[in-house]
Amino acid sequence: MQLILLLLLLTAPYLVLSVVDRITEFKTAPATRARIGLTLFFLFTGIGHFIRAEEMSQMVPPPLVPFRLELIYVTGVLEILGAAGVWIPRLTRLTGFCLIIMLVGLLPANIYSALNRVDFGGHGAGPAYLLVRVPFQLFVIGWTYFATEQDWLQRGPK
């Protein structure tokens, strides 16, 4: 259920503004529409790192145990900064790239949580949760790439 809420936060503004674009003269660029949802998504998840820090800290793999809460707070701050940074024109692409790197870096914690049935955010369902979570995380990475107008995959080697 939590993933559905996150998916709606991420995509609903894009969908609503796409309809508005078609029926009014109010126009927004596709990446801008996507960035609104990206901001909502990272604000929601970032704030969650402070509201439910103790529960989230259970997702941190054992080698990082001494720093569990600190890691949760740091990633929460990074998510909130990312939500703001995507709106600073000179930082949009860099912020997007950093958010993508963070999402890739968080994937092992999500896998650890699912395999160890951490009862937070659906991870208690066990390994089956990964069948939904990993594709969702890949979708968020792609959405971030699009919303922050990255082009490093298209440019290729020089």
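Described below are features of the structure shown in this document. Bear in mind that the values here come from a model prediction, so they are computed numbers and not experimental data.

The rules behind these values
Residues numbered from 1 in each chain as written. Predicted model: local features only at pLDDT ≥ 70, side-chain atom pairs only at ≥ 80, totals over all residues. Heavy atoms only, no water. Helix = DSSP H or I, 4+ residues; strand = E, 2+ residues; numbered from the N terminus. Contact = heavy atoms within 4.5 Å. Core = buried A, V, L, I, M, F, W, Y, C linked by side-chain atoms within 4.5 Å. Buried < 20%, exposed > 50% of the residue type's maximum accessible area, 1.4 Å probe, protein only.

**Considerations on the environment of Leu9**
Here Leu9 shows up in helix α1 (residues 2–23). Put simply, Leu9 and Thr75 are 66 residues apart on the chain and 19 Å apart in space, counted from C-alpha to C-alpha. In contact with Leu9, not counting residues within four places along its chain, are Gly37, Leu40, Phe41 and Phe44.

**Comments concerning the nonpolar core**
Leu38, Phe41, Phe42 and Trp143 are the most contacted members of the largest nonpolar core, which has 24 residues in total. Among the elements of the structure, α1, α2 (30–51), α5 (92–115) and α6 (130–147) are those that each provide at least two residues to this core. Among the elements that take part in this core, α6 stands out by supplying 7 residues, more than any other. Residues contacting Trp143, with those up to four places away along its chain left out, are Leu10, Thr11, Tyr14, Ala34 and Leu38. Residues Ala53, Met56, Val118 and Phe120 belong to the second largest nonpolar core, which totals 7 residues.

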